[in-house]
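Descriptive structure summary
Residue strings, one per chain:
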Amino acid sequence: MKIKQIFAAVLLSAIAFSSCRKANLDVDTSSADGSASGEVSGVWAKGSTQIIKGDIIIPEGKSLTIEEGVTVLMDTVAKPEFIVKGNLYSLGTAENPVRITVNPEYRTDAKKFGKMWGGILAAKTCAELVLDHTILEYGGNTTSDGSTSVKLGLYKAVAGENLPALWFSNVNGKLIVVNSTVRNFQEDCTYIEGGNIIFANNTFYTTGVTGGEAMNFKSGCLADVGFNFVYSANTNALKLSNSGDRTPQAYIICYNNTMVNTGWRRPSAKGGSIWLENNVHADIYNNLFANTRFGIKRDTKSTEDKRTIISNNLYYGYDQTTVNQFQPSKDIIAGVNEIRGTNAGDNDPKFVNYPESTPVLNAVYDVSWDFHLQSGSPALNHGKTDFTRHHAAGITVNGITYVSPDPANYIGAFGTK
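A brief structural summary.

About the criteria used
- Residues numbered from 1 in each chain as written.
- Predicted model: local features only at pLDDT ≥ 70, side-chain atom pairs only at ≥ 80, totals over all residues.
- Heavy atoms only, no water.
- Phe/Tyr/Trp six-rings, centres within 6.5 Å; stacked < 30°, edge-to-face > 60°.
- Helix = DSSP H or I, 4+ residues; strand = E, 2+ residues; numbered from the N terminus.
- Buried < 20%, exposed > 50% of the residue type's maximum accessible area, 1.4 Å probe, protein only.
- Lys NZ or Arg CZ within 6 Å of the ring centre and 35° of its normal.
- Salt bridge = Lys/Arg side-chain N within 4 Å of Asp/Glu carboxyl O.
- Pairing = 2+ DSSP bridges.

**As for the packing of aromatic side chains**
The way to describe two aromatic rings as a pair is by their centre distance and the angle between their planes. Evaluation of the coordinates by the stated rule reveals 23 aromatic pairs. Between W44 and F82 the ring centres are 6.4 Å apart and the planes differ by 55°, which places this aromatic pair in the tilted class. Of the two residues, W44 sits in strand β2 (residues 42-44) while F82 sits in strand β6 (residues 82-84), which places them 38 residues apart along the sequence. Look at F82 and you get buried, because its relative accessible area is 0%. With a centroid separation of 5.0 Å and 75° between ring planes, the pair formed by F351 and F371 is classed as edge-to-face. Taken together, the residues F351 in strand β31 (residues 351-353) and F371 in strand β32 (residues 370-373) connect sequence positions 20 residues apart. Pair check on accessibility: F351 and F371 agree, each one buried. Members of the aromatic cluster, joined through ring pairs, are Y205, F229, Y231, F351, Y354, Y365, W369, F371 and F414. Positioned over the ring face of F294 is K297, at 3.7 Å from the centre of the ring.

So this is what it looks like as structure tokens:
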């Protein structure tokens, strides 16, 4: 009897080990809901719920496809990191977005800056990454010596760093972030160190406790950044830099974005709207700055590339303090064909539904607000459309071609309804 019991125990242990090994090394939950830690690949099927118990890694040479309507629940005790060595395709729809989040009871105002899981960290071996109709929320955990990202040398590879929602680092890679939302993160929403890139029609809000940009681009990036909306980023809506000494030189074409109340929660030189530094080459057109701290600002000690073009942007300040801060100076850049008044209330963009008296330190976003333009807005019919984009012919990823959107003849991310 004892021999039989021992044999049964060994058999059960072997089965359990085999099962665990498969779950941790090559998870494909295409047919049902699932849970995972360790290595994952395959398909997470439409409408399923995936419970992530620990750090997950898409191995080099493999891919994970997340289909529409998938909810990915990150464990708030383990605070997992989502590491991409292979390829990631998160393919939601407007009606059924992919949502990478935490359990509903943790999605509270008290937890509005997240820190309950890590972020999506794409190593240099990640060739393709797509976030389409994807919601990333409540992450941005702080790394420790035991963090997988630190051990693997990813992101800044040191303890004590607040992880971004998305880090991408392959200068030859393809990165598409479209129709997506990043909210409730501790610091940066995105930190991009290279690649052929389209960022379009995205929304960023309630991010950054003491620092952090909505979109942060470094050397190696050739990016089209259009029709994005940023509300109350702690620091800048966009930080454009050529730091890192990677080839090619960072060249960012930034157009038709709307920025509201950005920069005020970081009372330092860098807190503002768009920050330019370290010989970045930037073309900046048709952007709407409403109650942002500062206009387009340069690092006077390490300025932008002289080929940078800035034109056809609109600035609005509800009060005189705001208006005074976006007047051209040594570090606030004056573009051409811009709409920039000198008095409080000049050039009211006439948003459909947004109280422009909202305190600039407010970080809480009201989903009922509507930043489309009413008839008679000075932002209408003042956009520039005759400029070249990097990816007007498109970037093909996993058989799908993504095209950077055509510029609009209005200023900002939204025209009239």
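**With respect to the pattern of salt bridges**
By the definition in use, this model includes 13 salt bridges. Between E338 and R340 there is a salt bridge, with the nearest N and O atoms lying 2.5 Å from each other. Like R340, E338 is buried.

**Some remarks on the pairing of strand β3 (residues 49-58)**
Pairing of strand β1 (residues 34-39) with β3, which is carried by five bridges, proceeds in the parallel orientation. Among the inter-strand pairings, G34 is bridged to a residue of β3, identified as Q50. Examined bridge by bridge, β3 and strand β5 (residues 71-74) share four bridges and lie parallel to one another. In the strand pairing of β5, I52 is matched with M74. Here β3 runs beside β6; their pairing, made up of three bridges, is parallel. Across the sheet, residue I56 finds its bridge partner in β6, namely F82.

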